[in-house]
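Spelled out, the chains give:
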Amino acid sequence: AELNRIISHMYWLSIYGIFLGHSTMFMWPMGDRELFIDLAESIGGTRVTFSFFVPGGVRNDLPSGFKENALKTFAYFEKRIKEYEKIYFNNPLVLKRTQGVGVLKSADAISLGVTGPNLRASGIASDTRKDEPYSMYDTIDFELPVYKEGDSYSRAWVRLRELSESMNIIRQALDKMPSGPVKHPLRGQIKGKVGEAFVRTEAARGTMFYNIISDGGKYPYRVKISVPSFRNLIAMRFLLIGHRLADMP
């Protein structure tokens, strides 16, 4: 899950860079992103889009040497983050284009239901991993990057800092991970119990909602998924007022 968060944030930073005309900040994150895609591929067998989580656990155990490869990648990338700050986040042209641009106030972010890094960039320390811990997140020590300005610059900083926090989470998870089976054996056809289930998790772009209704059959009676991008896009009309067309990205 944290590898996915890193891969998503790196893609976001690359697109953010090219929108501002900073081609280096497109090429660097895209190139470094490949290292994390390689790590994820070594676990899930495919690149970017996986079917790794299954009923009862995960499909397979970590491959031999994964921890060593991950730590080596993290050591390299932590140096790269400092380079990102130098060439991009402290770049006077980037500062002029992003600071005070697209401000989303805390009250508006809450009333609109904005979620994830965009919410935290508006000063709200909310994250499903902290608010309603699932999996093993309640055993992991990590911080939530929060900025009060609510502008385009803050939304970028939240994601940059979350890259470091995700690597921190993975390090702890690797140290805590016990040996043994990775999923419960499930025999026969899986059927849901009669009833309704509502679950949310913290995806890379924010809170992901799943609502499932079962009538006891092998297929759900109804499934409703609410993705974070849908929640975030409704804030666009609040962000564009008073800005130039070139600031839309």
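What comes next concerns the included structure. (Residues numbered from 1 in each chain as written. Predicted model: local features only at pLDDT ≥ 70, side-chain atom pairs only at ≥ 80, totals over all residues. Heavy atoms only, no water.)

**A few points about the packing of aromatic side chains**
Think of a pair of aromatic rings as described by two things: how far the centres are apart, and how the planes are tilted against each other in angle. On inspection of all chains with the given rule, the structure shows 14 aromatic pairs. With centroids separated by 6.4 Å and ring planes inclined at 45 degrees, the aromatic side chains of Phe-89 and Tyr-153 adopt a geometry described as tilted. Here the residue Phe-89 occupies a position in helix 3 (residues 66–89), and Tyr-153 occupies one in helix 8 (residues 152–176), the gap between them amounting to 64 residues. For Phe-89, a relative accessible area of 1% puts it in the buried group. Here Lys-130 stacks its cationic end above the ring of Phe-142, 4.2 Å away from the centre of that ring. (Phe/Tyr/Trp six-rings, centres within 6.5 Å; stacked < 30°, edge-to-face > 60°. Helix = DSSP H or I, 4+ residues; strand = E, 2+ residues; numbered from the N terminus. Buried < 20%, exposed > 50% of the residue type's maximum accessible area, 1.4 Å probe, protein only. Lys NZ or Arg CZ within 6 Å of the ring centre and 35° of its normal.)

**So, the layout of surface pockets**
A water-sized probe, rolled over the atoms, reveals where empty space remains. Here the second largest pocket defines a volume of roughly 810 Å³. When contributions to the lining of the second largest pocket are tallied by element, the ones reaching two or more residues are helix 1 (2–19), helix 4 (92–98), helix 8, helix 9 (228–233) and helix 10 (236–240). Per element, the largest residue contribution to the lining of the second largest pocket is six residues, and it comes from helix 1. Residues that form the lining of the second largest pocket fall into these classes: 17 nonpolar, eight polar and five charged. (1 Å grid on protein atoms, 1.4 Å probe; cavity = no way out; pocket = protein on both sides within 12 Å on 5 of 7 lines; lining within 4 Å. Points joined across faces, edges and corners; volume = space filled by probe spheres on them. Nonpolar A, V, L, I, M, F, W, Y, C, P; charged D, E, K, R; others polar.)

**Regarding the packing of helix 1 against helix 2 (residues 24–44)**
At a closest axis distance of 8 Å, the pairing of helix 1 and helix 2 adopts a crossing angle of 165 degrees. The angle between helix 1 and helix 2 places the two elements in the roughly antiparallel class. Taken as a pair, helix 1 and helix 2 cross one another with a handedness that is left-handed. For the pair formed by helix 1 and helix 2, the contact residues are Leu-3, Ile-6, Ile-7, Met-10, Tyr-11, Leu-13, Ser-14, Ile-15, Gly-17 and Ile-18 on the first element and Met-25, Phe-26, Pro-29, Met-30, Asp-32, Arg-33, Phe-36, Ile-37, Leu-39, Ala-40 and Ile-43 on the second. (Axes fitted to C-alpha atoms, helices over the stretch in contact; angles between N-to-C directions. Parallel < 35°, antiparallel > 145°, perpendicular 65-115°, else oblique. Left-handed = near helix turned anticlockwise from the far one by under 90°. Contact = heavy atoms within 4.5 Å.)

**Concerning helix 8**
With 25 residues, helix 8 extends 36 Å between its outermost C-alpha atoms, agreeing within 8% with the 36 Å of an ideal straight helix rising 1.5 Å per residue. Buried residues dominate helix 8, accounting for 18 of its 25 residues. (Expected span 1.5 Å × (residues − 1).)

**Let's talk about the pairing of strand 3 (residues 195–203)**
When strand 3 meets strand 4 (residues 206–214), the two strands line up antiparallel, connected through nine bridges. Following the sheet pairing, Gly-195 is matched in strand 4 by Ser-214. In sequence, strand 3 turns back onto strand 4 through a hairpin of two residues. (Pairing = 2+ DSSP bridges.)

**Overview of the pattern of salt bridges**
With the rule as written, the count across this model stands at 17 salt bridges. For the salt bridge of Arg-129 with Glu-2, the shortest nitrogen-to-oxygen distance reads 3.1 Å. Within this pair, whereas Arg-129 is found in helix 7 (residues 128–131), its partner Glu-2 is found in helix 1, the two being separated by 127 residues in sequence. The residues Arg-129 and Glu-2 share a single accessibility class, namely buried. (Salt bridge = Lys/Arg side-chain N within 4 Å of Asp/Glu carboxyl O.)

**Considering the packing of helix 3 against helix 8**
Between helix 3 and helix 8, the least distance of the axes is 11 Å, while the angle of their chain directions is 165 degrees. As far as their axial angle goes, helix 8 and helix 3 are roughly antiparallel. As helix 3 runs across helix 8, the sense of the crossing is left-handed. Taking contact as the criterion, the partners of Phe-66, Lys-67, Ala-70, Leu-71, Phe-74, Ala-75, Phe-77, Glu-78, Ile-81, Tyr-84, Glu-85 and Phe-89 in helix 3 are, on helix 8, Tyr-153, Ala-156, Trp-157, Leu-160, Leu-163, Ser-164, Met-167, Ile-170, Arg-171, Leu-174 and Asp-175. The class makeup of the residues in the contact of helix 3 with helix 8 is 17 nonpolar, one polar and five charged.

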